[in-house]
Amino acid sequence: MHGSTRLTPELLLRAYAQGVFPMAERRDDPLLFWVSPESRGIIPLDTFHVPHRLARTVRSDRFEVTVDTAFADVIRACAAPVEGRDESWINSEIAEVYTALHRKGHAHSIECRRDGKLVGGLYGVRLGAAFFGESMFSRERDASKVALVHLVARMIKGGFTLLDTQFLTTHLARFGAFEIPREDYLKRLEDAVTRKAEWPAPSDTTSLTGVAAMRLIAP
């Protein structure tokens, strides 16, 4: 679905409730297009898989993990060029509107820091009991993976039912992600957005410990 409709937080939430999300062709392209994949990537929370080596890293608390303390920094880092990927689908309009959505309490970030420096994280959109993962970044080995583990632990703790990855990648498949047809996805989405789930209050920005996060995932 092509066309550059000016984004607003309200339009974004309506689109997500219908299984649609925006992208740009390039970081400097002002035009946006709407996407509704025929096959949708999801990660089932009850079968989320954490590789053994990563589980040790999570339990070690190598990174300080926080929630919603640096949303704008995370989305900028996700849009920045990295080795092997010069371009990004996150343009300035997307960054601006998702940051506005964050201020309204519907877009969230998980941050990983080491020695006070932001080294990894992810962001996405929350609607009902669904979380739509948008993008992640890593400046140190495993930083984005640790953020994903903590996201899943918080989703389980908060009663979420759907983790949407939009597309399936080899990286996400290692955690148990797989594709389902659009029709099946929309049924799951319709159910999830009508349910209630708890996200950490603004005053509760500290992470679960790594050990506690792993207990939620693999009790």
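Described in the following lines is the structure provided in the data block. (Residues numbered from 1 in each chain as written. Predicted model: local features only at pLDDT ≥ 70, side-chain atom pairs only at ≥ 80, totals over all residues. Heavy atoms only, no water.)

### Quick notes on the overall build of the chain
Scanning the chain from N- to C-terminus turns up eight helices and nine strands. Its C-alpha atoms give the chain a radius of gyration of 16 Å, within 12% of the compact-globule value 17 Å for 219 residues. For the chain, the spread of C-alpha atoms along the three principal axes comes to 45 × 35 × 35 Å. Within the chain, buried positions represent 53% of all 219 residues. Considering only intrachain contacts with a sequence separation of at least 6, the fraction spanning at least 24 residues in the chain is 75%. About 10,700 Å² of surface is accessible on the chain, with carbon and sulfur atoms providing 51% of the total. Averaging the positions of the 29 positive and the 28 negative side-chain charges in the chain gives two centres separated by 5 Å. (Helix = DSSP H or I, 4+ residues; strand = E, 2+ residues; numbered from the N terminus. Rg over C-alpha atoms; globule rule 2.2 N^0.38 Å. Buried < 20%, exposed > 50% of the residue type's maximum accessible area, 1.4 Å probe, protein only. Contact = heavy atoms within 4.5 Å. Areas by Shrake-Rupley, 256 points an atom, 1.4 Å probe, with all protein chains shown as cover. Lys, Arg positive; Asp, Glu negative; His and termini not counted. Charge placed at Lys NZ, Arg CZ, Asp CG, Glu CD.)

### Structural notes on the packing of aromatic side chains
Tallied over the entire structure, the rule returns seven aromatic pairs. Considering the side-chain rings of F21 and F167, the 5.8 Å spacing of their centres and the 80° angle between planes classify their relative orientation as edge-to-face. Remark: F167 occurs in the loop between strand 8 (162-166) and helix 6 (170-173) and F21 occurs in strand 1 (residues 21-24); sequence separation between them is 146 residues. Judged by its relative accessible area of 0%, F21 falls in the buried class. Given a relative accessible area of 36%, F167 falls into the partly exposed group. Here F48 and F175 contribute two aromatic rings whose centre-to-centre distance is 5.5 Å and whose plane-to-plane angle is 10°, an arrangement assigned as stacked. Separated by 127 residues along the polypeptide, F48 in the loop between strand 3 (39-42) and helix 2 (52-60) and F175 in the loop between helix 6 and strand 9 (178-181) bring together distant segments of the chain. Residue F48 shares its accessibility class with F175, and that shared class is buried. An aromatic cluster is built from F71, Y98 and Y123, whose rings are joined through pairwise contacts. (Phe/Tyr/Trp six-rings, centres within 6.5 Å; stacked < 30°, edge-to-face > 60°.)

### So, the nonpolar core
Inside soluble globular proteins, nonpolar side chains tend to come together where they are buried. Of all hydrophobic cores here, the largest spans 41 residues; its most connected members are L7, Y16, I90, Y98, Y123 and F132. Ranked by residue count, the leading element in this core is helix 3 (residues 71-79), at six residues. If we ignore the near neighbours within four places in the chain, the residues touching L7 are L12, P22, L32, W34, E93, I94 and V97. Listed in part, the 36 residues of the second largest apolar core include V67, C112, A129 and A147. (Core = buried A, V, L, I, M, F, W, Y, C linked by side-chain atoms within 4.5 Å.)

### Comments concerning the sheet that holds strand 3
Think of a sheet as strands paired side by side through backbone hydrogen bonds, with each pair either parallel or antiparallel. The mixed open sheet is built from seven strands, whose spatial order is 4-5-6-7-8-3-9. Two strands in the sheet have a free side with no partner beyond their single neighbour: strand 4 (64-67) and strand 9. Ignoring which end each strand starts from, the neighbouring axes of this sheet average 35° apart. Judged from the eight bridges that link them, strand 5 (residues 107-114) and strand 6 (residues 117-127) form a sheet pairing that is antiparallel. Paired with I110 across the strands is L122, a residue of strand 6. Helix 3 contacts strand 5, strand 6 and strand 7 (130-138) of the sheet and is inclined by roughly 100° relative to strand 6. (Pairing = 2+ DSSP bridges. Axes fitted to C-alpha atoms, helices over the stretch in contact; angles between N-to-C directions.)

### Overview of the pattern of salt bridges
Following the criterion strictly, the structure yields 10 salt bridges and no others. A salt bridge links D142 to R53, with the nearest nitrogen and oxygen atoms 2.6 Å apart. Placement of the pair is D142 in the loop between strand 7 and helix 5 (143-158) and R53 in helix 2, with a sequence separation of 89 residues. A salt bridge links E183 to K187; its shortest N-O distance comes to 4.0 Å. In this pair, E183 and K187 both sit in helix 7 (residues 182-193), four residues apart, roughly one turn of the helix. (Salt bridge = Lys/Arg side-chain N within 4 Å of Asp/Glu carboxyl O.)

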